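Structural features, examined
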Amino acid sequence: MKVKKVTMLFSTFLVTVLIILNRTFLLNAVHKNPIGIVSALGILIVVGVLTWLGKRITVHNFWMGMIVIVFLSAVILSAIELLGNINLWHMFMRNPTAVLYGVHFVALMIGVGFSITGSVFIGVCLTTVVATLFGVVNYYMLYYRQRPLIPQDFISLKTLVNTIDGYQFSFTPTIFTGLLVLISVILVATRIKFVFKSKSLKIFLRSSVLLLLLLFPLDITTRWRQHGNPFLPNFFNQTISAKKNGILMNYMGNVPNLKADRPTGYAISKINKAFTMSNPSESSKSMPNLIIVLGESWTNAIANNLTTNKVVTPRLNAITNGKNSRSGTLVVNGYGGGTAKTEFEIFTGTSSLNQINDAPYQSYRIDKIPNMIKNLHAMGYETTAIHTANKGNWGRDQAYAKMGFDHFIGPESLKTDHQNIRYYMSDQAIYEQALNKITATNKPQVIFCITMQTHGPYTDKDYKSRINVTKQRKQHLKAEQYLGLMHQTDQDIDQFLKQVNKLKEPTSVLLYGDHQPKVEKISANTNSTISKQISGYETFYKIYANYRLNKIKNLQATYLSTNYLGAFFLETSNVQLTEYQSKILKYAKKYPVINGRMVLNQKLDNVSQQKLRIKEFQLQLWLQYNLLFDHQHQLKKIHNI
């Protein structure tokens, strides 16, 4: 009884504080969405009055108790979906199965609390708290990453904690409404008392619910294996399947994919038939120094669609297709994030056709996976990674040694006279370290640089941008700060490449953007079909060398997806390839873009998912599965030098 009174007082206090602290926000919210906000406040007021003045409802009947729990579960589910901008009623009309499963799952969560504590009320409160956390995290995932929350995101929780200080989390009408609904559930629960006829019946019910919880995952797994996953996510675009199945069941639909399934028709003999098993001749290949620069949030898409007082990246723009340079658009998988996935795809030559998650270094047996760095190390290269932020982000501190890096240099080891750029160490510190490594030894070097000075957020009031947006500036303040950072980056790259030109040893540099930055929504200046297809997912790549680069026959590479970029860089730089890398470059001539969001042919037409069953794509799936997961039967002659 005392617990319920305390809960009532705390809930009322919480609502009062929310309203007082956000009264200005409420006025604006009511102006933008009067029906939603007023309805939520109205419901909460009615619930609050009934809670304080109404009589307690005693539930004796088992079936009446089930009806009450199902009702509360439906309300909790509606709040979760509301925080994902999904209307539960509309979803029910489109996909009633997803709603029924969702209500069932929430009810089971209440059952967990009841089984553990013996109190239905505590079960409801615990479920509501979990639902609140899940819904709010999903809301910001949609806001910052443009996709819903999936189980794999919790693998990268450590990285999120390390970078969360840099982001701003605003209190929006959607969050306010969702919290009001969830608080209403707790208030209603304080006025409901579940009475059991005997202690033995209560013990029986707690044991039965616990047994049901143990059997439920096994039952669901068996059903989904026999009849198919009814909530199979759209791996090309998780947002689409979330709108269809709801936020909660889209999340649950991703759970079986924590473990990769063997592709249809997979057989080692079929893969062997597709290969000559003979490596390219080494006589015509060389061993130049290789510098790979991962540019944090680098893209020219923002600058191309805004009017500014001067050119943002003149040096990068000057790197075009010439004797010692290459340039093109890189199509990535993530928006506003997904750095580790991008670099993993470049190193391994794999694409998200195999559902690669955002934290591959923490999800896969990295020591068992052949990759570009391991192969270069085996050829005689000294391999180094340099990062100006926490080495533990994305689990790199554990993974890089397994990937074949001899050294991993973090910010604590970088000595520089350059001042920090906002919150981050200047990229010049990385470039200086890379050049010093090359000049200090005669051994060929592979150096992977991870930059940070262009990392978000872009809200530092003390930062003075040299780039000014000249049209609709107030609507693009974040973009303006980002462009100022890119302008500074361009100047740093100019100085860096001048030093590369002075090196006596042949040196090739790959510069690429890992994903687009999270800034204000910007309308594209072009209506071309390709621009619409890759909007939000296009960055760039630039290759620059102090010697003549190799030209790949019949491969324009105007557009490339990340899985091809590593092999393309090596072949362009005249470095030996594996059989696997040679094979995927042949695919790039027909399908230059293949990832979890789209497949584009050489004419840049979108290839439908139905056509992905053809032999060529099946072979790609088999090759990637063999590389990433089938360690026992891994074809080392194909994947290794």
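What counts as what
- Residues numbered from 1 in each chain as written.
- Predicted model: local features only at pLDDT ≥ 70, side-chain atom pairs only at ≥ 80, totals over all residues.
- Heavy atoms only, no water.
- Core = buried A, V, L, I, M, F, W, Y, C linked by side-chain atoms within 4.5 Å.
- Buried < 20%, exposed > 50% of the residue type's maximum accessible area, 1.4 Å probe, protein only.
- Helix = DSSP H or I, 4+ residues; strand = E, 2+ residues; numbered from the N terminus.
- Axes fitted to C-alpha atoms, helices over the stretch in contact; angles between N-to-C directions.
- Parallel < 35°, antiparallel > 145°, perpendicular 65-115°, else oblique.
- Left-handed = near helix turned anticlockwise from the far one by under 90°.
- Contact = heavy atoms within 4.5 Å.
- Nonpolar A, V, L, I, M, F, W, Y, C, P; charged D, E, K, R; others polar.
- Pairing = 2+ DSSP bridges.
- Patch = residues over 30% accessible without salt bridge, like charges linked within 9 Å, V, L, I, M, F, W, Y side chains within 5 Å.
- Areas by Shrake-Rupley, 256 points an atom, 1.4 Å probe, with all protein chains shown as cover.
- Salt bridge = Lys/Arg side-chain N within 4 Å of Asp/Glu carboxyl O.
- Expected span 1.5 Å × (residues − 1).
- pLDDT = per-residue confidence, 0-100.
- Phe/Tyr/Trp six-rings, centres within 6.5 Å; stacked < 30°, edge-to-face > 60°.

Grouped together as the largest cluster of nonpolar side chains are 69 residues, with contacts concentrated most on Y361, Y512, Y541 and F568. Among the elements that line this core, the one with the most residues is helix α25 (residues 615-628), at seven residues. L414, Y431, L483 and L485 belong to the second largest nonpolar core, which has 41 residues in total.

As a further point, take the packing of helix α16 (residues 339-348) against helix α23 (residues 562-572). Running from N to C, α16 and α23 point in directions that differ by 45°, and their axes come no closer than 6 Å. With respect to each other, α16 and α23 are oriented oblique. In the crossing of α16 with α23, the sense of the turn from one axis to the other is right-handed. Along the contact surface, α16 presents T342, E345 and I346, while α23 presents T562, N563, L565 and G566. Its residues placed into classes, the contact of α16 with α23 shows two nonpolar, four polar and one charged.

Moving on, we come to the pairing of strand β4 (residues 325-331). The buried fraction of β4 amounts to seven of the seven residues, a majority that puts the element mostly inside the structure. As paired strands, β4 and strand β9 (residues 538-545) are joined by seven bridges and run antiparallel to one another. Within the sheet, the bridge partner assigned to G328 lies in β9 and is Y541. Alignment of β4 against strand β10 (residues 559-561), held across three bridges, turns out to be parallel.

In terms of residue burial, β9 counts as a mostly covered element, since eight of its eight residues are buried. In this sheet, β9 lies alongside strand β8 (residues 507-513) in antiparallel orientation, the contact comprising five bridges. Paired with V509 across the two strands is Y544, which belongs to β9.

This part takes up a nonpolar patch on the surface. On the surface, W89, F92, M93 and L100 cluster together into a nonpolar patch covering about 470 Å² of accessible area. Broken down by element, the residue count for the nonpolar patch peaks at three residues, all from helix α5 (residues 88-94). Inspection of the secondary structure puts F92 in helix α5.

On to the sheet that holds strand β5 (residues 382-387). Pairing within the open sheet is mixed, and its eight strands lie in the order β6-β5-β7-β3-β8-β9-β4-β10. Only two strands of the sheet have a single partner each, and these edge strands are β6 (407-409) and β10. The average undirected angle you get between the axes of adjacent strands in this sheet is 20°. The sheet contacts of α23 involve β3 (289-295), β4, β8, β9 and β10, and relative to β10 the element is tilted by about 115°.

Moving on: helix α6 (residues 96-117). Helix length check: α6, at 22 residues, gives a terminal C-alpha distance of 32 Å against a target of 32 Å (1.5 Å per residue), a fit within 8%. Among all positions of α6, only A98, V99, G102, V103, V106, L108, I110, G111, G113, F114 and S115 are buried. Just beyond α6, the residue with positive phi is G118, at close to 80°.

Moving on, we get to the packing of helix α11 (residues 238-245) against helix α12 (residues 247-254). Working note: a packed helix pair is described by the angle between its axes plus the distance between those axes. Put simply, α11 and α12 touch, their axes get as near as 7 Å, and they point 120° apart. Overall, the two elements α11 and α12 adopt an arrangement that is oblique. Crossing hand, α11 versus α12: right-handed. From α11, Q238, S241, A242 and N245 reach across to α12, where they touch I247, M249, N250 and N254.

Turning our attention to the pattern of salt bridges. Following the criterion strictly, the structure yields eight salt bridges and no others. We note a salt bridge from R396 to E343, for which the minimum N-O separation is 3.0 Å. Of this pair, R396 sits in helix α19 (residues 396-403) while E343 sits in helix α16, and the two are 53 residues apart along the sequence. With a relative accessible area of 0%, E343 lands in the buried category. Across the salt bridge formed by K437 and E382, the nearest N and O atoms sit 3.3 Å from each other. With K437 in helix α20 (residues 428-439) and E382 in strand β5, the pair connects residues that are 55 residues apart, well separated along the chain. Each member of the pair, K437 as well as E382, is classed as buried. Through salt bridges with shared partners, a single network forms among R315, D494 and K498.

Confidence in the prediction for the protein averages 82 pLDDT; 81% of positions are at 70 or higher. The low-confidence segment residues 277-281 (pLDDT under 50) makes 13 contacts with residues lying over four places distant or belonging to another chain.

Attention now goes to the packing of aromatic side chains. One pass over the structure, following the stated rule, counts 21 aromatic pairs. On the basis of an interplanar angle of 70° and a centroid distance of 6.2 Å, the ring pair of F347 and F405 is categorised as edge-to-face. One end of the pair, F347, is in helix α16; the other, F405, is in the loop between α19 and β6, with 58 residues separating them in the sequence. The two residues F347 and F405 agree in class, both being buried. Plain terms: the ring middles of Y400 and F408 are 4.8 Å apart, the flat faces sit at 50° to each other, and that makes the pair tilted. By the burial criterion, Y400 is buried, and F408 matches it. In textbook terms, an aromatic cluster arises when at least three aromatic residues are bridged by ring pairs, as seen for Y266, F344, F347, Y361, Y364, Y400, F405, F408, F448, Y625 and F629.

For the bond running from G456 to P457, omega is 0°, close enough to zero to count as cis. Take P457: it is sitting in the loop between β7 (445-450) and α21 (477-502). The residue W394 is not glycine, and still its phi comes out positive at about 65°. If you trace the backbone, W394 turns up in the loop between β5 and α19. Look at W394 and you get buried, because its relative accessible area is 10%. Positive phi is not limited to glycine here, since Q472 has a value of about 55°. Relative to the elements of secondary structure, Q472 occurs in the loop between β7 and α21.

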